[in-house]
4 protein chains.
Amino acid sequence: MSQNSFNTSLRVTWVDTDAAGVVHCSNYFRFFERAEEEFYRHIGFDFTNFKERGLWFPRVEAFCQYKKPAMYSDLLVIEVSVEELKEKSVKLGFKVVNAENRDLLAVGHLVIVAADKQTGRAARIPVDIVDKLKPFAKQIL
Amino acid sequence: MSQNSFNTSLRVTWVDTDAAGVVHCSNYFRFFERAEEEFYRHIGFDFTNFKERGLWFPRVEAFCQYKKPAMYSDLLVIEVSVEELKEKSVKLGFKVVNAENRDLLAVGHLVIVAADKQTGRAARIPVDIVDKLKPFAKQIL
Amino acid sequence: MSQNSFNTSLRVTWVDTDAAGVVHCSNYFRFFERAEEEFYRHIGFDFTNFKERGLWFPRVEAFCQYKKPAMYSDLLVIEVSVEELKEKSVKLGFKVVNAENRDLLAVGHLVIVAADKQTGRAARIPVDIVDKLKPFAKQIL
Amino acid sequence: MSQNSFNTSLRVTWVDTDAAGVVHCSNYFRFFERAEEEFYRHIGFDFTNFKERGLWFPRVEAFCQYKKPAMYSDLLVIEVSVEELKEKSVKLGFKVVNAENRDLLAVGHLVIVAADKQTGRAARIPVDIVDKLKPFAKQIL
């Protein structure tokens, strides 16, 4: 996997699956976010701290391509990369791999914007967060 | 179904199911709550209005017995009844029935308490809400 | 909304929301699927019937752009359109609108492929399904 | 915590929370099951192996009492105990504790029955599974 990315793993639980016997498509976005949260924890960014400052970090775009299904009890590795770092938004890339056989199961991204909770308008990402994201950024725009 | 109860229906969606091909046990509690919300809408109780007054309505107990499985696309009827109405809490009873064949699928309850958001302590249910719940109450304690 | 599309509505329930007070991003994909299922019901396509023939309909791509947040109790209208109809796949487009103020909340799509359950390979969409989808298709490729 | 119990931990993720800012009540049942699955993994019981033998393990009862709320990012410890081991069913008890301050957040149980997938009737729990559960059982009935 690429340099300057962050890896975390999670285990597929029963409720993640659907009647087709595979992980439901919507749950990959939940897996992405769990990986995102672990990534933030890793770099020391706690977005709940910004609530008092009136900042939040809504998603403006979500995308996933599904390559192979994941099943109950599979151990998944999720790679997080910072695809683009902009003044007011960040695009995080995700790869989901089966930990046992290294099959690529899904790729996708989330675009997250810093926003003023009151006005709903996009805001600059605080400089201390930018500094923590920079070492992982493939592109700084 | 019993007098003074409220009925609503919902359709099982694909993501409600799990790899056993049936609705996942945790989703019955989500069905209960959807029925609870429709019941409140029916009697004119909007619990989000109480946020400003610092009141919220957390669950303190949840219970479900599963009788028969529900499948994708099944239409379910959910009956809500007010099992017990107390000064600070209400116990809502739920029955989940298959709309087509009238099979009883699940029975359960939720105990909901009025609570002060600041202190976390139980508080009296506002009198206007009590008045709206009373006609449905099997027991007033 | 556009001709040859299908509209359905759903109510935001409490569990759809997250600690930001808005519907969680992953749930839009669940809303898309509920609309997709209602659309299939409307045109008389029951995909569970194809299980015996060894066909299933996994998603290969999911996309959503979020415009404005949805809140608890909001009534949402979801418009489904058939963006592309191919031999082995269909791209469904979705628009999520607030029923009260007509605000556009989200747009997105799902790409669904017909697949042989045994081999996992893409298969032709059965002709009777194609016939049911055609009147809604913006592009037939 | 009690002897002969099994502990596992999990981190609260954003989607676990609701607009009250706390973990949604239904998610505790999902936490219970994740702990149950880790417990089975620990004792070497893979319930998916029994599919071929036509056995499955549906839940017939679920219960939870909520003591204190859990928030985003909280690390939770879940204790699993075998409350009752019967010929055809097992009652698993759960305690959810905040890992940092040791606050008890929730207690509950699941009753799981062995069942013949074809007939839906309760069946004996296979003897090899009984042997694995016995060392943890508080009561053998």
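Residues numbered from 1 in each chain as written. Chains lettered and ligands numbered in written order. Predicted model: local features only at pLDDT ≥ 70, side-chain atom pairs only at ≥ 80, totals over all residues. Heavy atoms only, no water.

Focus on the overall build of chain A
What counts, and what does not: Only runs of H or I of at least four residues qualify as helices and only runs of E of at least two qualify as strands under DSSP, and these elements are numbered from the N terminus. Each radius of gyration is computed over the set of C-alpha atoms, and the globule rule expresses the reference value as 2.2 Å times the number of residues to the power 0.38.
A count of helical and extended segments in chain A gives two helices and seven strands. Along chain A, helices (α) and strands (β) appear in the sequence β-α-β-β-β-β-β-β-α when read from the amino end. Its C-alpha atoms give chain A a radius of gyration of 16 Å, within 12% of the compact-globule value 14 Å for 141 residues. The principal-axis extent of the C-alpha atoms belonging to chain A is close to 45 × 30 × 20 Å.

Focus on the relation of the copies chain D and chain B
So the rule is basically this: Only residues with pLDDT of at least 70 in both copies contribute their C-alpha atoms to the least-squares superposition of the copies. We call two residues contacting when some pair of their heavy atoms lies within 4.5 Å.
Mapping chain D onto chain B leaves a residual RMSD of 0.0 Å; the transformation is a rotation of 180 degrees accompanied by 0.0 Å of translation along its axis. What the superposition gives is, in effect, a two-fold axis relating one chain to the other. For chain D, the residue whose C-alpha comes nearest the rotation axis is D:F63, separated from it by 2.2 Å. Mapped onto chain B, 100% of the interface residues of chain D are again interface residues, and the two copies thus contact each other with one and the same surface.

What to know about the packing of aromatic side chains
Stated precisely, the cut-off is as follows: Only rings of Phe, Tyr and Trp enter the pairing, Trp through its six-membered ring, and a pair is recorded when the two centres are within 6.5 Å. The plane angle decides the type: under 30 degrees is stacked, over 60 is edge-to-face, the rest tilted. Only protein chains enter the accessibility calculation, which uses a 1.4 Å probe; a residue is then buried when its area is under 20% of its type maximum, exposed when over 50%, and partly exposed in between. Placement of a positive charge over a ring is assigned whenever Lys NZ or Arg CZ falls within 6 Å of the ring centre and within 35 degrees of the normal to the ring plane.
Overall, the coordinates contain 67 aromatic pairs over all chains when judged by the stated rule. Each ring, one from A:Y40 and one from A:F45, has its centre 4.6 Å from the other, and the planes form 55 degrees; the classification is tilted. For the residue pair A:Y40 and A:F45, the accessibility class agrees, reading buried in each case. An angle of 75 degrees between the planes, with centres 5.7 Å apart, marks the rings of B:F45 and B:F50 as edge-to-face. You'll find B:F45 and B:F50 in the same group, each marked buried. The rings of A:F6, A:F39, A:Y40, A:F45, A:F47, A:F50, A:F57, A:F136, D:W14 and D:Y72 are connected pair by pair, giving a single aromatic cluster. For C:K117, the ring lying beneath its charged end belongs to C:W56, and the centroid distance is 3.8 Å.

Notes on the sheet that holds strand β5 (residues 89-98) of chain B
Here is the rule: We treat two strands as partners when DSSP finds at least two bridges between them. Lines fitted to C-alpha atoms define the axes here, with helix axes fitted over just the stretch in contact, and angles between the N-to-C directions of these axes take values from 0 to 180 degrees.
Read from one edge of the open sheet, 10 strands run β1(B)-β4(B)-β5(B)-β6(B)-β3(B)-β3(D)-β6(D)-β5(D)-β4(D)-β1(D), paired in antiparallel fashion. Two strands in the sheet have a free side with no partner beyond their single neighbour: β1 (6-11) of chain B together with β1 (6-11) of chain D. Within the sheet, the average angular offset between the axes of one strand and its neighbour, ignoring direction, is 20 degrees. Where strand β5 (residues 89-98) of chain D and strand β6 (residues 104-113) of chain D come together, nine bridges link them in antiparallel fashion. Looking at β6(D), one finds that D:K91 is bridged to D:V111. Strand contacts of helix α1 (residues 25-43) of chain D: β3 (59-66) of chain B together with β1, β3 (59-66), β4 (75-85), β5 and β6 of chain D, with the helix running at about 120 degrees to β3(D), the strand carrying the most contacts.

Quick notes on the nonpolar core
Note the following rule: We define a nonpolar core as any set of buried Ala, Val, Leu, Ile, Met, Phe, Trp, Tyr and Cys residues linked to one another through side-chain atoms lying within 4.5 Å.
Residues A:F39 and C:F39 are the most contacted members of the largest nonpolar core, which totals 100 residues. If we ignore the near neighbours within four places in the chain, the residues touching C:F39 are C:F6, C:V80, C:V82, C:L92, C:L133 and C:F136. Listed in part, the 99 residues of the second largest apolar core include B:F29, B:W56, B:L76 and D:F45.

Comments concerning the interface of chain C and chain A
We count it as follows: Here's the idea: put two parts together, see how much 1.4 Å probe accessible area each one loses, and the total over both is what we call buried area. Any carboxyl oxygen of Asp or Glu that lies within 4 Å of a side-chain nitrogen of Lys or Arg is treated as forming a salt bridge with it. Put simply, Ala, Val, Leu, Ile, Met, Phe, Trp, Tyr, Cys and Pro go in the nonpolar bin, Asp, Glu, Lys and Arg in the charged bin, and everything else, Gly too, in the polar bin.
Counting residues at the interface gives 19 residues for chain C and 19 residues for chain A. Around 1700 Å² of area is buried between chain C and chain A when both sides are counted, 56% of it from carbon and sulfur atoms. Taken together, the links from chain C to chain A amount to zero salt bridges. Secondary-structure elements contributing two or more residues to the side of chain C that touches chain A are α1 (25-43) and β3 (59-66) of chain C. Of the residues forming the side of chain C that touches chain A, the biggest block, eight residues, is contributed by β3(C). Here the side of chain C that touches chain A is composed, by residue class, of 10 nonpolar, four polar and five charged.

So, α1(D)
All names here are of chain D. Heads up, the rule is: By definition here, a helix of n residues has an expected span of 1.5 Å times n minus one.
With 19 residues, α1 extends 28 Å between its outermost C-alpha atoms, agreeing within 8% with the 27 Å of an ideal straight helix rising 1.5 Å per residue. Where burial is concerned, most of α1 is hidden: 15 out of the 19 residues are buried. Residue G44 follows α1 closely and has a positive phi angle near 80 degrees.

Quick notes on the packing of helix α1 (residues 25-43) of chain A against α1(C)
To keep things clear, this is the line we draw: Angle categories: roughly parallel below 35 degrees, roughly antiparallel above 145, roughly perpendicular from 65 to 115, and oblique for all the rest.
Running from amino to carboxyl end, α1(A) crosses α1(C) at an angle of 175 degrees, the nearest separation of the two axes being 8 Å. Of the possible angle classes, the one that applies to α1(A) and α1(C) is roughly antiparallel. Contacts between α1(A) and α1(C) pair A:C25, A:S26, A:N27, A:F29, A:R30 and A:E33 from the former with C:C25, C:S26, C:N27, C:F29, C:R30 and C:E33 from the latter.

With respect to a positive patch on the surface
This is how the line gets drawn: Like charges are joined within 9 Å and nonpolar side chains (Val, Leu, Ile, Met, Phe, Trp, Tyr) within 5 Å, but only among residues with over 30% relative accessible area and no salt bridge; these make up the patches. To be clear on the numbers: accessible area is Shrake-Rupley with a 1.4 Å probe, and residue cover counts the displayed protein chains and nothing else. Think of it this way: Lys and Arg go in the positive column, Asp and Glu in the negative one, and His and the chain ends go nowhere. All charge positions are set by atom: Lys at NZ, Arg at CZ, Asp at CG, Glu at CD.
Among the surface-exposed residues, A:K51, A:K117, B:K51 and B:K117 lie close enough to one another that they form a single positively charged patch. Turning to its location among the elements, A:K117 is positioned in the loop between β7 (115-116) and α2 (127-133). On the accessibility criterion, A:K117 (40% relative accessible area) is partly exposed.

Side note on the relation of the copies chain C and chain A
After a rotation of 180 degrees and a shift along the axis of 0.0 Å, chain C superposes on chain A with an RMSD of 0.0 Å. When you check the interface residues of chain C against chain A, 100% turn up at the interface there too, and the contact is symmetric in its surfaces.

Considering the interface of chain D and chain B
How we decide: Pairing of N or O atoms within 3.5 Å defines a polar contact, subject to two protein rules: one partner must be a possible hydrogen donor and the other a possible acceptor, and residues neighboring in sequence count only if both atoms are side-chain atoms.
Opposite the 19 residues of chain D that make contact, chain B presents 19 residues. Summed over both sides, the interface of chain D with chain B buries roughly 1700 Å², with 56% coming from carbon and sulfur. If you sort the residues of chain D by the area they bury against chain B, D:R30, D:A62 and D:Y66 come out on top, with a joint share of 25%. On the surface where chain D and chain B come into contact, there are zero salt bridges. Here chain D and chain B share 14 residue pairs in polar contact (both at pLDDT 80 or more) between them. Those elements giving two or more residues to the side of chain D that touches chain B turn out to be α1 and β3 of chain D. At eight residues, the largest contribution of residues to the side of chain D that touches chain B is made by β3(D). Of the residues in the side of chain D that touches chain B, the class split is 10 nonpolar, four polar and five charged.

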